[in-house]
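Chain and residue survey
Chain by chain, the residues:
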Amino acid sequence: QVQPVESGGGVVQPGGSLRLSCVASRSIFSIDSMGWYRQAPGQQRELVAEVTSGGSTNYADSVNGRFTISRDGAENTVYLQMNGLKPEDTAVYLCKCRLKRYFGDTSKDYWGQGTQVTVSS
C-alpha cells in the first residue's frame, strides 16, 4: 500500500489551529517530496505547502506566515501546522508524495484520500 494516509482534520473556529499528519508507506525506496494541497467545493486543487527531501519548503502566498510544513524523514511523515485559520481555509486537504517504490523506479505522485478542514464560528 503506497497511498499516503492523512489525519488531523476537523472543525475549528476562526483564529484556531489544527495539525495535519500524513504518513507514507515505509515499503518504498525513496521520497523526493511531500506536500499538502487543498480543494474547496467548486474550486481547483491548489498547492498549500511542500517540502523536499533536502528540506526546501514552498508555501502558497495565502498561507505563508500562518502554516508550517515539516517532515520526519525517518518515519516518512509530513505535518502541516495551521495557525490563524480563516473561513477561506475551509477545504479538503490532500497529501501528495512524490516517490520511488523501488531501486530503478521513476518518481511518481501518490495522493491520499484527503481530510476535511472546516473553519467556522
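This one's a predicted model, so the numbers in the text were calculated from it and none came from an experiment. (Residues numbered from 1 in each chain as written. Predicted model: local features only at pLDDT ≥ 70, side-chain atom pairs only at ≥ 80, totals over all residues. Heavy atoms only, no water.)

**Points about the sheet that holds strand E3 (residues 18-23)**
- Taken together, four strands build an open sheet; the order of strands is E1-E3-E8-E7 and the sheet is antiparallel. Each having just a single partner strand, strand E1 (5-7) and strand E7 (67-72) make up the two edges of the open sheet. Pairwise comparison of adjacent strand axes, ignoring direction, gives a mean angle of 15° for this sheet.
- By the bridge criterion, three bridges tie E1 to E3 in an arrangement that is antiparallel. Following the sheet pairing, Val 5 is matched in E3 by Val 23. (Pairing = 2+ DSSP bridges. Helix = DSSP H or I, 4+ residues; strand = E, 2+ residues; numbered from the N terminus. Axes fitted to C-alpha atoms, helices over the stretch in contact; angles between N-to-C directions.)

**Regarding a nonpolar patch on the surface**
- Taken together, the side chains of Phe 29, Tyr 102 and Phe 103 present a nonpolar region at the surface, about 400 Å² in accessible area.
- One can find Tyr 102 in the loop between strand E9 (91-100) and strand E10 (108-111).
- Since its relative accessible area comes to 47%, Tyr 102 is described here as partly exposed. (Patch = residues over 30% accessible without salt bridge, like charges linked within 9 Å, V, L, I, M, F, W, Y side chains within 5 Å. Areas by Shrake-Rupley, 256 points an atom, 1.4 Å probe, with all protein chains shown as cover. Salt bridge = Lys/Arg side-chain N within 4 Å of Asp/Glu carboxyl O. Buried < 20%, exposed > 50% of the residue type's maximum accessible area, 1.4 Å probe, protein only.)

**Section: unusual backbone geometry**
- Non-glycine residue Asn 76 carries a positive phi angle of around 50°.
- Overall, the relative accessible area of 11% leaves Asn 76 in the buried class.

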